[in-house]
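Structural overview
Okay, here's what each chain looks like letter by letter:
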Amino acid sequence: MRYRNFIELIFVAGIVFSSGFFFCKDSPYQPEPPEDGVREVIILYTNDEHGWMEPTSTHGGAAGMMGLWKQREGYSADGPYLILSGGDMWTGPAISTWTAGESMVQVMNAMGYSAAAIGNHEFDFKVDGLNRNLSLSQFPYLSANIKTKSTGEIPEFAEPYLIKQVNDVNVGIIGLTTVTTPTSTFPDNVQDYDFIDYAEALEQVVPRVKADGAELIVVAAHICSWEMKALAAKAKSLGVSMIGGGHCTDTININDSGVALVHSGRNMQHYARVQIQYDTVGDTLISISQQLVENKGGTADAEIASIVAYWRDQVDATLSEVIGFTENGIGSRSWAMYNMVTDSWLISYPAAQISCTNAGGIRQSIPSGEITLETIVSVLPFENSIVELELTGSQLMDVVSRLIFGGMTSVGGYRLTDGTPLDPSQTYRVLTIDYLYSRPDYNFQNYDETPYYTSIHYRQPVIDWIKSLNTSPENPLDQYLDNNPR
Ligand SMILES: [Zn+2]
């Protein structure tokens with residue numbers, strides 16, 4: 001058979017190509033043609049993005065996730081898709097943290113998010129920072145359970161809910177914020193607000209959402225999996241069909257009491273996909289199913305990748321900033337270095353009494369002369385974050401013999417900096433890094449099953465401390481260092 005002309009060849013090639021695409025294992029999701037009144041809504045849900053827009057050695061970052069959404073889910077902006085976040089969007093790697101979240105806001109705008117729950121870490125840059133990011137966002141921040149103490153009203157930066165029409169279905173999206181917020185961000189930043197019980201908040205807001213015309217109701221909640229399970233039956237009785245979670249680092253993907261519960265872990269490593277069939281004539285939910293998808297294998301989306309590359313350039317430019325001066329330099333295996341690193345954590349996070357980490361996390365010496373941000377990045381190059389644990393004195397003594405530490409010494413027996421001997425039965429608030437916490441050989445996971453992830457990068461306190469001293473050739477860093485063995 002010969003093709004009569006070039007146009008026909010292109011046409012046939014197009015059919016062959018698209019047929020092949022259909023049968024390909026990774027072919028995108030194709031919605032069913034609608035029956036009368038039956039509409040499909042696909043919710044793509046992430047939480048605890050924490051600014052992880054760049055790809056890592058294991059996961060695709062924001063551009064890779066957008067690629068998956070397009071390739072695997074068939075995502076298009078005018079399709080039956082609703083993109084939601086469970087909050088804690090910004091604090092994490094320098095590319096986001098050093099812009100106070102602005103870079104991540106831009107990425108999430110481009111990814112088409114419709115709304116985000118307010119997480120505890122949305123207060124990390126104070127309410128002013130939250131408002132600044134809100135003004136840059138093309139989507140609202142939701143919370144129905146934050147109340148201004150002085151008025152009892154939901155504060156201006158929060159919308160209790162949003163109603164969005166997706167494929168002819170009016171979807172009511174309600175936000176919730178963890179009640180632990182006053183202890184899981186800097187308390188001063190939220191002293192004006194109460195964080196009320198989730199069920200109570202839903203009881204107050206769901207009737208308003210229904211009165212406003214919502215047919216399908218979902219909740220984007222910055223709350224842990226166990227809290228989601230505890231809330232499921234109440235949510236079902238109020239007419240909620242799905243709860244997306246946040247805050248804790250596990251993943252969840254179940255139907256409990258007739259409500260789809262999803263929690264996508266953190267750091268853009270997974271997204272949840274919730275598929276809903278809704279009968280708009282009979283006003284009934286026909287089906288709902290949920291799935292977790294790992295952010296691997298997506299072809300980086302060009303638009304998102306270019307935004308991330310822009311911010312990478314900005315961050316690289318700031319790394320040449322001079323932050324201090326040392327006359328003699330600081331050796332990577334010196335007490336001055338060990339003590340500086342561990343003490344700086346306690347200065348940045350004074351709620352803890354003791355800090356400990358592995359000397360292996362310190363990779364280079366600081367050469368004599370000017371100290372730049374890049375120097376510190378090279379000294380402490382890993383993407384480690386500080387976690388806070390509660391350990392007894394005896395548990396501490398078990399682990400710290402292999403570590404460097406601040407807030408205590410082992411010289412002449414374990415004792416705190418003020419000389420008080422470490423009490424084996426007393427509980428202490430201890431900082432270490434998420435990397436060591438995850439290592440079974442350090443036993444941290446056995447000692448404290450519920451660590452608090454501060455989201456503070458392990459090098460940031462060192463940078464902050466050096467900067468605060470305003471060092472120079474006349475006022476070198478050397479004179480502030482503690483060279484005493486611990
Ligand atoms: Zn959180």
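1. Comments concerning the coordination of the zinc ion
Ideal values for angles at a metal depend on the geometry: 109.5 degrees with four tetrahedral donors, 90 or 180 degrees with six octahedral donors. For the zinc ion, the full set of protein donor atoms is Asp88 (OD), Asn120 (OD1), His222 (NE2) and His247 (ND1), and the range of their distances to it is 2.0 to 2.2 Å. For the zinc ion, the four donor atoms are set out with angles of 90 to 160 degrees between them, so the coordination reads as irregular. The sequence pattern formed by the donor residues of the zinc ion is D-x31-N-x101-H-x24-H. In this pair, Asp88 sits in the loop between strand E2 (81-85) and helix H3 (94-97) while Asn120 sits in the loop between strand E3 (115-117) and helix H5 (126-136), placing the two residues 32 residues apart along the sequence. Residue classification places Asp88 among the buried residues on the basis of a relative accessible area of 1%.

2. Details of the packing of aromatic side chains
For any pair of aromatic rings, geometry is given as the distance between the ring centres together with the angle between the planes. Across all of its chains, the model carries 14 aromatic pairs by this definition. Ring centres 5.1 Å apart and planes at 85 degrees place the aromatic pair Tyr310 and Trp311 in the edge-to-face group. Taken together, the aromatic side chains of Trp69, Tyr75, Tyr81, Trp90, Tyr113, Phe139, Tyr141 and Tyr271 make up a single cluster linked through ring pairs. Between Arg273 and the ring centre of Tyr29, over which it is positioned, the NZ or CZ distance is 4.5 Å. A cation over an aromatic ring shows up here: Arg402 above the ring of Tyr442, its NZ or CZ 4.3 Å from the ring centre.

3. Describing the pairing of strand E15 (residues 322-326)
Counting buried residues along E15, four of its five residues qualify, which places the element largely inside the surrounding structure. With four bridges joining them, E15 and strand E17 (residues 369-372) adopt antiparallel strand pairing. By the bridge assignment, Val322 is partnered in E17 with Thr372.

4. Quick notes on the sheet that holds strand E18 (residues 385-392)
Across a sheet, paired strands are connected by hydrogen bonds in the backbone, their directions being either parallel or antiparallel. Sheet architecture is open: five strands sit in the order E19-E16-E22-E18-E23, paired in mixed fashion. The strands lining the two open edges of the sheet, one partner per strand, are strand E19 (404-406) and strand E23 (452-457). Between one strand and the next, the sheet's axes are offset by a mean angle of 30 degrees, whatever the strand orientation. Summarising the sheet, E18 and strand E22 (residues 427-433) pair through seven bridges and their orientation is antiparallel.

About the cut-offs
Per-chain numbering applies: the sequence of each chain, read as written, is numbered from 1 onward. Residues qualify for local features only when their pLDDT is at least 70, as the model is predicted, and side-chain atom pairs are given and counted only at 80 or more; totals for whole chains, interfaces and linings, by contrast, use all residues. Side-chain metrics in this entry use all non-hydrogen atoms of the structure; hydrogen atoms and water are not considered. Each metal site is built from N, O and S donor atoms within 2.8 Å (3.2 Å for Na, K and Ca), and since water is not included, such sites may look incomplete. Site shape is set this way: if four donors have all angles between 85 and 135 degrees, tetrahedral; if opposite donors are over 155 degrees apart and all others between 65 and 115, square planar for four donors and octahedral for six; otherwise irregular. Labels follow the DSSP assignment, with helices taken as runs of H or I lasting at least four residues and strands as runs of E lasting at least two, numbered in each case from the N terminus. Under the scheme applied here, a residue whose accessible area is under 20% of the maximum for its type counts as buried, over 50% as exposed, and between as partly exposed, the area being computed with a 1.4 Å probe on protein chains only. Only the six-membered ring of Trp is used, alongside the rings of Phe and Tyr, when aromatic pairs are assigned; centres must lie within 6.5 Å, and planes under 30 degrees apart are stacked while those over 60 apart are edge-to-face, with the rest tilted. Put simply, a charge is over a ring when the Lys NZ or the Arg CZ is close to the ring centre, within 6 Å, and near the line of the ring normal, within 35 degrees. Strands pair, by our definition, only if DSSP identifies at least two bridges between them. Whenever a helix is involved, its axis is fitted only over the stretch in contact; in every case the axis is a line through C-alpha atoms, and angles between N-to-C directions fall within 0 to 180 degrees.

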